[in-house]
Number of protein chains: 2
Amino acid sequence: MTEQYPSQLLERTVSDFAKLPGIGRKTALRFALHLLNQDKEAVRGFGERLIQFREEIKFCEQCHNISDTAVCDICANPKRDHSIVCVVENIRNVMAIENTGQFHGVYHVLGGLISPIDGIGPNQLAIPSLVERVRSGQVQEVIFALSPTMEGDTTNFYLSRQIGDAEVQLSTLARGISIGDELEYADEVTLGRSIVNRVAFQR
Amino acid sequence: MTEQYPSQLLERTVSDFAKLPGIGRKTALRFALHLLNQDKEAVRGFGERLIQFREEIKFCEQCHNISDTAVCDICANPKRDHSIVCVVENIRNVMAIENTGQFHGVYHVLGGLISPIDGIGPNQLAIPSLVERVRSGQVQEVIFALSPTMEGDTTNFYLSRQIGDAEVQLSTLARGISIGDELEYADEVTLGRSIVNRVAFQR
């Protein structure tokens with residue numbers, strides 16, 4: 001059943017909102033009617049900022065993270081350790097790791113993972129620039145911080161082959177039982193790996 | 001914990017999206033990153049339509065429904081029965097009733113319900129224009145299609161007093177067991193009313 005909208009202006013904006021991920025036409029209608037209750041100036045600002053965001057956003061020349069400038073704040077920060085490069089799939093992963101406050105190196109955003117099923121090959125990802133960075137000689141360690149999925153493992157494997165003979169340390173994130181998790185609810189693979197890769201107890 | 005955004009342009013747009021009803025900052029970030037994957041032209045169009053929607057939308061002079069023109073399509077339609085006015089709380093209610101295809105009269109959108117708790121009195125609602133319409137002599141029936149809540153009942157009562165001596169028929173939506181509902185799960189009040197207001201069986 002197609003909804004009937006009392007206004008084409010409304011219908012257009014509902015259609016626009018309904019293109020956002022996870023948003024159906026009912027929620028899109030709520031958004032549109034919500035904006036009708038806002039000042040015209042506020043909605044104008046929203047629209048203008050949206051356009052400006054898309055047109056002016058940049059991707060860092062070095063790590064491909066989202067940035068307002070040609071080189072992002074992390075890459076431009078002399079206090080960060082530029083000899084440790086953490087390879088991640090996307091911008092959200094950078095934000096997640098930054099929010100832990102535990103990493104003081106720099107990043108490399110691939111923009112995806114190798115996935116033959118989805119037709120994503122190494123050439124569509126920021127892999128050549130990573131290899132170049134690694135071979136420049138300034139990098140001592142590369143951390144693979146990709147998802148523990150088939151695509152993540154494939155990408156790890158491909159990257160390690162590409163980096164191959166460069167004299168850098170390669171590492172991956174520790175896998176194991178999440179902190180706070182009940183042991184009996186951990187999946188078998190994770191539990192198995194956490195036994196094989198057990199660490200010395202701190203007493 | 002406050003998230004750290006790699007870009008102020010991104011953060012601004014996340015904040016804008018997070019003002020939409022029911023949207024948190026995580027979902028807002030998903031929206032913003034989704035738009036980064038779209039063409040600049042598409043995002044420019046989205047922003048421009050949003051501004052145009054807010055600035056050019058009108059409310060019908062007669063029924064206060066949302067409209068692209070001074071008088072909405074329903075009020076301007078000579079095939080609709082202008083002697084039957086269905087009083088609703090908001091625009092969504094108009095759409096819901098229109099989608100049933102069962103009503104051929106016209107509407108009157110109050111823009112809310114009387115709610116002393118929320119400080120909403122009759123003067124903030126489109127009540128005077130309803131009384132004027134009814135007293136004009138062209139209206140034969142007024143249907144109160146408000147929610148069966150305390151606010152809805154209060155508003156019904158107030159409206160019936162205001163319309164008072166005008167010679168029009170007043171009616172409300174039928175209340176009862178929803179079609180397809182199991183009897184044992186219906187609430188007591190609804191079930192009780194459906195017995196008191198039982199209708200002749202069609203055989």
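One can find the structure itself at the top, above this paragraph.
Note that the structure is predicted; figures quoted are calculated from it, not measured.

1. Side note on the sheet that holds strand β5 (residues 141-144) of chain B
Residue and element names in this part refer to chain B. Strand order across the open sheet formed by 4 strands is β4-β3-β5-β6, with parallel pairing between neighbours. The open sheet has two free edges, formed respectively by β4 (106-109) and β6 (169-172), since each of these has just one partner strand. The average undirected angle you get between the axes of adjacent strands in this sheet is 25°. The pairing of strand β3 (residues 84-88) with β5 spans 4 bridges and is parallel. Paired with cysteine 86 across the two strands is isoleucine 143, which belongs to β5.

2. So, the interface of chain B and chain A
Chain B puts 53 residues into the contact, and the matching count from chain A is 53 residues. Considering only the side of chain B, the residues that lose the most area to chain A are Leu36, Phe53 and Arg54 of chain B, jointly responsible for 13% of the buried surface there. Here chain B is connected to chain A by 4 salt bridges. Taken together, the links from chain B to chain A amount to 16 residue pairs in polar contact (both at pLDDT 80 or more). Here the side of chain B that touches chain A gets 14 residues from one element, more than from any other, and that element is helix α3 (residues 40-56) of chain B.

3. Some points on the relation of the copies chain B and chain A
Superposing chain B onto chain A requires a rotation of 180° together with a translation of 0.0 Å along the rotation axis, leaving an RMSD of 0.1 Å. This pairing of chains is accounted for by a two-fold axis. Proximity to the rotation axis, assessed at the C-alpha, singles out glycine 47 of chain B in chain B; its C-alpha lies 2.1 Å from the axis.

4. Considerations on the pairing of strand β4 (residues 105-109) of chain A
Residues and elements named next belong to chain A. Counted residue by residue, β4 has 5 buried out of 5 residues, so it is predominantly covered. In this structure, strand β3 (residues 81-88) lies alongside β4, joined through 5 bridges in parallel fashion. The partner of valine 85 across the bridge, within β4, is valine 106. Viewed along the sheet, the connection from β3 through helix α4 (residues 91-100) into β4 turns out right-handed.

5. Observations concerning the state of the cysteines
On inspection of all chains with the given rule, the structure shows 0 disulfides over all chains. With no disulfide of its own, cysteine 86 of chain A lies closest to cysteine 63 of chain A among cysteine sulfurs, the gap being 11 Å. Summary of cysteine pairing: cysteine 63 of chain B is not part of a disulfide, and the nearest cysteine sulfur, belonging to cysteine 72 of chain B, is at 3.7 Å.

Thresholds, definitions, all that
- Residues numbered from 1 in each chain as written.
- Chains lettered and ligands numbered in written order.
- Predicted model: local features only at pLDDT ≥ 70, side-chain atom pairs only at ≥ 80, totals over all residues.
- Heavy atoms only, no water.
- Pairing = 2+ DSSP bridges.
- Helix = DSSP H or I, 4+ residues; strand = E, 2+ residues; numbered from the N terminus.
- Axes fitted to C-alpha atoms, helices over the stretch in contact; angles between N-to-C directions.
- Contact = heavy atoms within 4.5 Å.
- Buried area = accessible area lost by both parts, 1.4 Å probe.
- Salt bridge = Lys/Arg side-chain N within 4 Å of Asp/Glu carboxyl O.
- Polar contact = N/O pair within 3.5 Å; in protein donor to acceptor, adjacent residues only side chain to side chain.
- Least-squares fit on C-alpha atoms with pLDDT ≥ 70 in both.
- Buried < 20%, exposed > 50% of the residue type's maximum accessible area, 1.4 Å probe, protein only.
- Right-handed = clockwise from strand over helix to strand, strands pointing away.
- Disulfide = S-S within 2.5 Å.

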